[in-house]
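Residues per chain are reported as follows:
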Amino acid sequence: MGCGKSTVGRGLAARYNCRFIDLDHYMEDKWAMSVSAIFARNGEEWFRNEECESLKEIVEEYKYLSSKNPYTLVLALGGGTVTHAPSADVVKEETCCVYLQCPKETLLERLVKNNSRRPLLAGKSEEEMSETIDNLMAARENIYKNCAEWVYDMRGKRMEGQMKEFAQRFGL
């Protein structure tokens, strides 16, 4: 949440001529409402189950394509996607996952500017957001690392440098 998954994902997809899908946007298109509205209407458990189904749909669609070219899709997951065990299993078994690790201070700065689309932060003060981020990071850090093939430190990196490091890592 706020680490730059969508920005980096779009950059990688554009640079390497891949398709980019943001799982949150996919869900919003599928259900014709925002992630916040989906959460409010149906609750987090329902959302996580549907998110997992959407993840499976996307992965299945790209399995054939990736057998021909291993990098046909860049997929940005929601910040809580892999906290749902069935989704984490899909990510570990079917994708090459990169955890974009970002310092809390950077996350807070970014999220204070735009928290209206984030159901776990909407309507919170900066202090409440800081506490929520601390709690989420503590709860999610090991899960993210467990799912990731690569932990990428986002600290102080600019887009051009990020693209070069990804190209080197994945032979692009």
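What you are looking at is a predicted structure, and each value in this text was computed from that prediction instead of being measured.

Chemist: Would you explain the pattern of salt bridges in this entry?
Modeler: Two side chains of opposite charge can pair, provided their charged atoms sit close to one another. For the coordinates displayed, the defined rule picks out 9 salt bridges. Between E51 and R48 there is a salt bridge; the shortest N-O distance is 2.9 Å. Placement of the pair is E51 and R48 together in helix 3 (residues 35–68), with a separation of 3 residues, close to one helical turn. Taken individually, E51 and R48 each receive the classification buried, so the pair is uniform in this respect. Ionic pairing is found between K56 and E53, a salt bridge with its closest N-O pair at 3.5 Å.

Chemist: Any chance you could explain the nonpolar core here in plain terms?
Modeler: Soluble globular proteins tend to bury their nonpolar side chains together. V8, L100 and F166 are the most contacted members of the largest nonpolar core, which has 22 residues in total. When residues of this core are traced back to their parent elements, those giving at least two are helix 1 (5–15), strand 2 (73–76), helix 5 (104–113), helix 6 (126–147), strand 4 (150–153) and helix 7 (159–170).

Chemist: Honestly, the side chain of R48 in this entry has me stumped. Any pointers?
Modeler: Take R48: its relative accessible area is 9%, and that puts it in the buried class. Contacts of R48, omitting those with residues within four sequence positions, involve F39, G80, T81, T83, H84, S87 and R140.

Chemist: How should unusual backbone geometry be read in this particular structure?
Modeler: Residues other than glycine predominantly adopt negative phi, and peptide bonds predominantly adopt the trans conformation. Backbone geometry at N17 places phi at a positive 55 degrees, although glycine is not the residue there. Turning to its location among the elements, N17 is positioned in the loop between helix 1 and strand 1 (19–22). Relative accessible area serves as the criterion here: at 73%, N17 is assigned to the exposed category. Backbone geometry at A32 places phi at a positive 55 degrees, although glycine is not the residue there. The residue A32 is located in the loop between helix 2 (23–31) and helix 3 in this model. The exposed category is assigned to A32, whose relative accessible area is 68%.

Thresholds, definitions, all that
In this numbering scheme, every chain counts its residues from 1 along its sequence in written order. Whole-chain, interface and lining totals are the exception, using all residues; otherwise, since this is a predicted model, local features are given only for residues with pLDDT of at least 70 and side-chain atom pairs are given and counted only at 80 or more. Water and hydrogen atoms play no part in the side-chain values, which are based on all heavy atoms of the structure. In what follows, salt bridge is the name for a side-chain nitrogen of Lys or Arg lying within 4 Å of a carboxyl oxygen of Asp or Glu. To qualify as a helix, a DSSP run of H or I must reach at least 4 residues; to qualify as a strand, a run of E must reach at least 2; elements of each kind are numbered from the N terminus. Only protein chains enter the calculation, and the probe is 1.4 Å; a residue is then buried if its accessible area is under 20% of its type maximum, exposed if over 50%, and partly exposed in between. Each nonpolar core is a collection of buried residues, namely Ala, Val, Leu, Ile, Met, Phe, Trp, Tyr and Cys, held together in the definition by side-chain atoms within 4.5 Å. Contacts between residues were defined by any pair of non-hydrogen atoms, one from each residue, lying within 4.5 Å.

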